[in-house]
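One-letter residues, chain by chain:
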Amino acid sequence: MDSEQISRKQTIAMAIIFLGGMLLVAFQFVSTAYNSIETIPYSQFEQLLAQDKLAEVSVGTDTIQGKLKDPLPSGKSAFVTARVDLALAEKLAAKGVSVTGIPSGGGLQSLLSWIFPVIVFFLIWFWLGRGVAGGQGFGGLMAIGKSRAKVYVEKDIKVTFADVAGVDEAKFELQEVVSFLKDPKSYGRLGAHVPKGILLVGPPGTGKTLLARAVAGEAAVPFFSISGSEFVEMFVGVGAARVRDLFEQARKAAPCIIFVDELDALGRSRGPLSVGGYDEKEQTLNQLLSELDGFDPSAGVILLAATNRPEILDPALLRAGRFDRQVLVDRPDKNGRVAILKVHVSKIHTGEDVDLEKVAALTTGFTGADLANLINEAAIAATRRNGEEVSFADFVTAIERIVAGIEKKSRVLGKNERRRVAYHEMGHALVAASLPGVDPVQKVSIIPRGIGALGYTIQRPTEDRFLLTIEELKNRIAVLMGGRASERLIFDGAISTGAADDLQRATEVAIEMVTKYGMDETVGQRTYAPKPQAFMAATQDTIVAAAEATGREIDVAVRNLVEEGDRRARDILQRKRADLDAGVEMLIANETVTAEQFAPLLGKNIETADRTSPRSARAMSVSATSTS
Ligand SMILES: Nc1ncnc2c1ncn2[C@@H]1O[C@H](COP(=O)(O)OP(=O)(O)OP(=O)(O)O)[C@@H](O)[C@H]1O
Ligand SMILES: [Zn+2]
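What you see is a predicted model; the values in this text were computed from it and never measured.

Draft legend 1. Region of the structure containing helix 5 (residues 168-182). Taking 1.5 Å per residue, 15 residues should reach 21 Å; helix 5 reaches 21 Å between its end C-alpha atoms and fits that length. The largest bend along helix 5 measures about 30° and falls at Leu174. Within helix 5, the full set of buried residues consists of Ala170, Lys171, Leu174, Val177, Val178, Phe180 and Leu181.

As structure tokens, then:
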């Protein structure tokens, strides 16, 4: 339930309460009016009639109501009496009193005025109850603590381990859980220890939910799931009730799996800084902890949870006997990506030129969800060009689309700006092609794409790298500075804002070199990277004392690294000025220049260049010229 929905519901609630209030007031009014009517005996009525004191009369089947010309001694000038005489109408006519018949059921009106507010009240109650119980229907308020949890149960899960690829280690660890769930009793007898809670840790889209479902599918057991983020903004007590309910239902269905997605939304470490909704979360978390402590693993219930931020979880959750095992579900490596592509590619018609190995090589850093999306985008690209099948080119289009944003041909650059962007991009490309240990340039373009990018250079990694040398990092900075260096060289020092993004990335690399990898001699062999809170608290004083002096040293070291990269880039471009000009000419004429077109220009085969890529970087690195 999102907050927008909640506030809309609140508005409606206010409206209903207001309406109910109005009705009550109206009812009061009606009933006072009713009380100003005097009930009189029929004889008195006849008397009044004889004395000619009646102004008007309404005759019902059972009663007679009317108004008097003068008030009664009680001050009331309206009366009601039971109807007795059938010949009455004649007598009334004789005296010239107006006679009206009252439709039968007049009493119902007063009954309704009682019942209606009650109905409105119940409606409000019912409606509020729904809000509390998360759309589960009647009785939220009445049955707090007993509300049916919004638990999703799936019985016949078709997903198996075959549908999850590229996460072999995680699958291996979960295989144990599968064999336990298949036969909880004999498993326990062998003395094997089965963890109660397993935490799946990894970036979004790496297939944690998919894995959990596959475990249920493999073991053919029911799958109960609930999301941590659904507990946000609930009334106190309801979240805990849901958790209790979830475990109760699960115990009845054992053997089974309980899956808690986004555990971090619920199990955020408790601290003094908490704001609204905190009590609720704490109660829910406490309930979860006590359920975890309380249940007996031999019952055959296994709790799986997923998070992409294990560092913010309450340590209490990770204690032995709770989520005592963590399984890493990381971004897939190249082989993993091939495997994931194979799983998803069956959904589309691919051409013969599609080599999944090549696609995987172009998508370093993609998660399983990214790859599934890529297949989809490639199919869309093929459809758009009315192709019979999805070709390799469609894949490349889709990758570029995902990596660099959507092509935006509509923005037209002026002649001068085009020239500047072309020199900028060609600067990156030429420096990259001239340095060893740098991802080879795949494509240079001056077609603006996406928001804020006027041109871009795509470098292609072909293998995943886990170690990088100081030289490789320095070269990377030089490539990032290549755009600005080229502008400086060509436009006589008149640099532009186009290098903002490059500068930021170059600075980031330099900061990591200095503060994380200890690659600067003056600053020395130690890290200054942010540490977990506990560590910070213990060493804060030291850091503060060290900060002023060391901070300056770090600043100087970072600046030197970036400036050195800039100098090296400029040297290269100066030496290869002719190549730079030729490349720019080609770029302005064609808008894009590919590696194949680029290579003969330089008189060397770029494809043979040593290929690298950072471990954490996305697919291809794109150096874009920013607009601002
Ligand atoms: N390893 C994988 N193998 C095959 N498909 C995958 C894999 N990982 C992700 N996918 C695809 O991506 C989709 C989304 O993955 P899933 O929801 O399981 O990711 P998640 O890690 O749970 O993400 P989140 O943290 O955002 O919940 C899956 O339904 C599947 O189509
Ligand atoms: Zn740039």
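Draft legend 2. Structural detail: the sheet that holds strand 7 (residues 197-201). A sheet is described by the order of its strands in space; here six strands give the open sequence 6-8-9-10-7-11, paired in mixed fashion. Edge positions in the sheet fall to strand 6 (152-154) and strand 11 (325-328), since each has one partner strand and no second. Put simply, the sheet's adjacent strands are angled 20° from each other on average, direction ignored. Bridge analysis of strand 7 against strand 10 (residues 301-307) gives five bridges, and the strand direction is parallel. Paired with Gly197 across the bridge in strand 10 is Leu303. Strands in contact with helix 5 are strand 7, strand 10 and strand 11; relative to strand 11, the strand with the most contacts, it is inclined by about 130°.

Draft legend 3. Here's a closer look at the packing of helix 11 (residues 334-345) against helix 13 (residues 368-384). It is the contact of helix 11 with helix 13, at a shortest axis distance of 9 Å, that shows an interaxial angle of 45°. The pairing of helix 11 with helix 13 is recorded here as oblique in orientation. Judged by the twist between their axes, the crossing of helix 11 over helix 13 is right-handed. Seen from helix 11, the contacting residues are Arg337, Ile340, Leu341, His344 and Val345; seen from helix 13, they are Gly368, Leu371, Ala372 and Ile375. When grouped by side-chain class, the residues that make up the contact of helix 11 with helix 13 number six nonpolar, two polar and one charged.

Draft legend 4. Quick peek at the site of ligand 1. By nearness alone, 19 residues border ligand 1, and Gly207, Thr209, Leu210, Gly368 and Ala369 come closest of all. Contributing elements (two or more residues each) for the shell around ligand 1: helix 7 (208-219), helix 11 and helix 13. Partitioned by chemical class, the residues of the shell around ligand 1 number ten nonpolar, seven polar and two charged. When we break the shell around ligand 1 down by domain, the ones giving at least three residues each are domain 2 (152-328) and domain 3 (334-404).

Draft legend 5. Structural view of the nonpolar core. Among the nonpolar cores identified, the biggest contains 75 residues, and Leu200, Leu211, Val215, Ile257 and Leu304 are the most heavily contacted of them. For this core, the two domains that each supply at least three residues are domain 2 (152-328) and domain 3 (334-404). Membership of the second largest hydrophobic core comes to 40 residues, among which are Ala422, Leu473, Val509 and Leu561.

Thresholds, definitions, all that
Residues numbered from 1 in each chain as written. Chains lettered and ligands numbered in written order. Predicted model: local features only at pLDDT ≥ 70, side-chain atom pairs only at ≥ 80, totals over all residues. Helix = DSSP H or I, 4+ residues; strand = E, 2+ residues; numbered from the N terminus. Expected span 1.5 Å × (residues − 1). Bend = angle between axes of the 7 residues up to and from the residue. Buried ≥ 20, exposed ≤ 12 C-beta atoms within 10 Å, placed from the backbone. Pairing = 2+ DSSP bridges. Axes fitted to C-alpha atoms, helices over the stretch in contact; angles between N-to-C directions. Contact = placed C-beta atoms within 7 Å. Parallel < 35°, antiparallel > 145°, perpendicular 65-115°, else oblique. Left-handed = near helix turned anticlockwise from the far one by under 90°. Nonpolar A, V, L, I, M, F, W, Y, C, P; charged D, E, K, R; others polar. Near = placed C-beta within 6 Å. Domains from an automatic or database assignment. Core = buried A, V, L, I, M, F, W, Y, C linked by C-beta atoms within 7 Å.

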